[in-house]
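Descriptive structure summary
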Amino acid sequence: MISALAGPYGRNFLGDAPSWYKLSILAFLIANPILLYTAGPFITGWLLIAEFIFSLAMALKCYPLPAGGLLALEAVVLGMTSPEMVYKEVLANFEVILLLIFMVAGIYFMKDFLEFVFTRILLRVRSKWMISLLFCFLGAFLSAFLDALTVTAVIMAVAYAFYNIYHRYVSGRDLQAVHDLSCDQTLKDQQRDELKQYRGFLRNLVMHGAVGTALGGVCTLVGEPQNLLISGEMGWHFSEFFMEVAPVSMPVLAVGLLTCLLVEKAGLFGYGFKIPENIRSYLIEVTERMDAERSRRGTAKLVVQGLAGVWLIIALAFHLGAVGLIGLSVIILLTALNGTIEEHRLGHAFEEALPFTALLVVFFAVVAIIHDQHLFKPVVEYVLSLQGQGQLAAYYIANGLLSMISDNVFVATVYIAQTKVHFVQVLDQLPGIGMTGAELMAKLTVVSQSRTDVYASLPGDVALQVKAVMDQFDKLAVAINAGTNIPSVATPNGQAAFLFLLTSALAPVIRLSYGRMVMLALPYTITLSITGLLATYLFL
């Protein structure tokens, strides 16, 4: 098998991924059919989940879509699920796909305005701990209404631009020349020391901003893709989702901001770097020159983008339409009013989201396998056999641990779907509901219909029982949301925004490795995870 990889077809298979990774995927693909007919679909299904999680965990070696997609495709061919079931899962979560396609692209056309805001904070505020708090808070606030990937991309763009400007200046290179930003060999010792400090300063800020996207992402249904999945299953609109998760999300936000302040003040876990004064002075000079050269047309574009942001927040807050369609309205307004009319310029806006959108469809294929083979039934039944607050804590911990090593969207998709199936069965067992459990659940989880009206249509005693069942379902949904959003900051595997940052052109420039990112995230991981667990146990 190793010799086969040396040939042209072997070298093409999964491209530049390491040979051991290619061999692992090939071994999985060969072993799965054998195991299916020897060990049975249940054991094979669990091994397939482990293989898929492996492809997610190795995302830095190979983007999970090709390898994970092969595993899912093979499972469909082997009959572990059907194309119809995969289509059903995709169709049920179509609103999430719309979100990823149109909302991310919509925010792409607001990047200039967002970069303008972050640039002012970076250069006008002199206190490092205040800058850090503002980056963390703005990352949280923007991610609550926009998209965490795009907010992270904006922060990265600002950091990269400022590093590029100064490194070229100190290296004696103009902005048009080819230049290696990671090379400091031509610099003097003092300049190298200043750049080391500057890298640490930018590294701190982008990590505070990235963590901020997780803090805000847990709060609203558009903050993270899994939030929209959960709200869709529960029938929650924007404000209802916010109120349901607030008992957990608000304490976590407060502790996150306090953690930001603590690590900066104390200089813990690699934080506390400050920007050298001469670098700040040069960047201010360059920014002022760029502002002076900005035309009235450029200023008008910034104003329009800012107004589009106001429209976006209002439209989401009042649920004026599906989230993805609101994103499409932003695209239409900004391209029309700011003159972006060339197809190739429009196409760039969709590049960031479409690979992850395709990967999400593969997630749904794996979820279809889990449904058809009842793989999570023993786990869910065990957790649901627990009583009271212990059940909520167990859900939070289970989702949190899986989200640290796997993708949190995948984990949330599996857990919310399996939990809903369980509660449909619970409703089925209630006498006097006058319909099937599935039909009653469908009525109770429609955004356009009030649950109070549904309860009023049921007999008095039955209505109380149904309400008690749905109250517990609501709490478990919040535990899933918190568990998949909060502990996942531990590694880039769980948070798409972290993975996006780690695989960007900025990471090697500011010396942000996998290990260093985990270390920088560690204080947040500890404080946020514990706070989320306590809030889930005490306040839900």
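For the structure itself, look to the data block above.
Residues numbered from 1 in each chain as written. Predicted model: local features only at pLDDT ≥ 70, side-chain atom pairs only at ≥ 80, totals over all residues. Heavy atoms only, no water.

Moving on, we come to the overall build of the chain. When you go through the chain residue by residue, the secondary structure sums to 27 helices and zero strands. Radius of gyration (C-alpha) of the chain: 25 Å, near the 24 Å computed for a compact globule of 540 residues. Counting every position in the chain, which comprises 540 residues, the buried fraction comes to 54%. Counting contacts in the chain only where the partners sit at least 6 residues apart, residues at least 24 apart contribute 76% of the total. (Helix = DSSP H or I, 4+ residues; strand = E, 2+ residues; numbered from the N terminus. Rg over C-alpha atoms; globule rule 2.2 N^0.38 Å. Buried < 20%, exposed > 50% of the residue type's maximum accessible area, 1.4 Å probe, protein only. Contact = heavy atoms within 4.5 Å.)

Our focus in this paragraph is helix H4 (residues 41-57). In an α-helix there are 3.6 residues to a turn, and that puts residues three or four apart on one side. With 17 residues, H4 should cover 24 Å at 1.5 Å per step; its first-to-last C-alpha distance of 24 Å lies within 8% of that length. Among the residues of H4, Thr44, Gly45, Leu48, Ile49, Glu51, Phe52, Ile53, Ser55 and Leu56 are the ones counted as buried. (Expected span 1.5 Å × (residues − 1).)

Among the structural elements, Val454 can be located in helix H23 (residues 451-456). Looking at Val454, the relative accessible area reads 3%, which means it is buried. With ten residues separating them along the chain, Val454 and Leu444 place their C-alpha atoms 6.7 Å apart. Those residues within four positions of Val454 in sequence are excluded, and the remaining contacts are Leu440, Lys443, Leu444 and Gln449.

It is worth spelling out the nonpolar core at this point. Considering soluble globular proteins, one finds that nonpolar side chains tend to be buried as a cluster. Core analysis: the largest hydrophobic core is formed by 171 residues, its most contacted members being Tyr198, Leu283, Leu316, Tyr395, Phe410, Val466 and Leu501. Those residues within four positions of Leu316 in sequence are excluded, and the remaining contacts are Met103, Phe145, Val222, Phe238, Val323 and Ile326. (Core = buried A, V, L, I, M, F, W, Y, C linked by side-chain atoms within 4.5 Å.)

Now for the pattern of salt bridges. Across all of its chains, the model carries seven salt bridges by this definition. Among the ionic pairs, Arg451 bridges to Asp474, the shortest N-O distance being 2.7 Å. One end of the pair, Arg451, is in helix H23; the other, Asp474, is in helix H24 (residues 460-485), and 23 residues separate them in sequence. Exposure remark for Arg451: the relative accessible area of 14% places this residue in the buried category. A residue is classified by how much of its surface remains accessible, and Asp474, at 7% relative accessible area, is buried. For Lys467, the salt bridge identified is with Asp471, shortest N-O distance 3.1 Å. A residue pair is termed a helical-turn pair when its members lie 3 or 4 positions apart in one helix, as Lys467 and Asp471 do in helix H24 at four residues. For Lys467, a relative accessible area of 38% translates into the label partly exposed. (Salt bridge = Lys/Arg side-chain N within 4 Å of Asp/Glu carboxyl O.)

What follows concerns the packing of aromatic side chains. Within this structure, the stated rule accounts for ten aromatic pairs. Measuring from ring centre to ring centre gives 5.8 Å for Tyr21 and Phe54, while their planes differ by 20°; the resulting arrangement is stacked. One end of the pair, Tyr21, is in helix H3 (residues 19-38); the other, Phe54, is in helix H4, and 33 residues separate them in sequence. Ring centres of Phe52 and Phe363 lie 5.7 Å apart, and the angle between their planes is 85°; this geometry places the pair in the edge-to-face category. (Phe/Tyr/Trp six-rings, centres within 6.5 Å; stacked < 30°, edge-to-face > 60°.)

Quick look at the packing of helix H5 (residues 64-77) against helix H18 (residues 354-373) now. For the pair H5 and H18, interaxial distance at closest approach is 10 Å and the crossing angle is 30°. Relative to H18, the element H5 lies roughly parallel. For the pair H5 and H18, the crossing hand works out as left-handed. Counting all contacts with H5, which are made through Pro64, Leu65, Gly68, Gly69, Ala72 and Ala75, the residues of H18 involved are Pro355, Ala358, Leu359, Val362, Ala365, Val366 and Ile369. Taken together, the residues of the contact of H5 with H18 break down into eleven nonpolar, two polar and no charged. (Axes fitted to C-alpha atoms, helices over the stretch in contact; angles between N-to-C directions. Parallel < 35°, antiparallel > 145°, perpendicular 65-115°, else oblique. Left-handed = near helix turned anticlockwise from the far one by under 90°. Nonpolar A, V, L, I, M, F, W, Y, C, P; charged D, E, K, R; others polar.)

Take unusual backbone geometry next. Its identity as a non-glycine residue notwithstanding, Leu14 has a phi of 60°, on the positive side. With respect to the helices, strands and loops of the structure, Leu14 is situated in the loop between helix H2 (8-12) and H3. The backbone phi angle of Phe269 is positive, close to 55°, even though this residue is not glycine. Looking at the secondary structure, you find Phe269 in the loop between helix H13 (238-266) and helix H14 (277-293).

Structurally, the position occupied by Ala417 is in helix H21 (residues 408-428). Overall, the relative accessible area of 8% leaves Ala417 in the buried class. Taking the C-alpha atoms as reference points, Ala417 and Pro251, 166 residues apart in sequence, are found 27 Å from one another.

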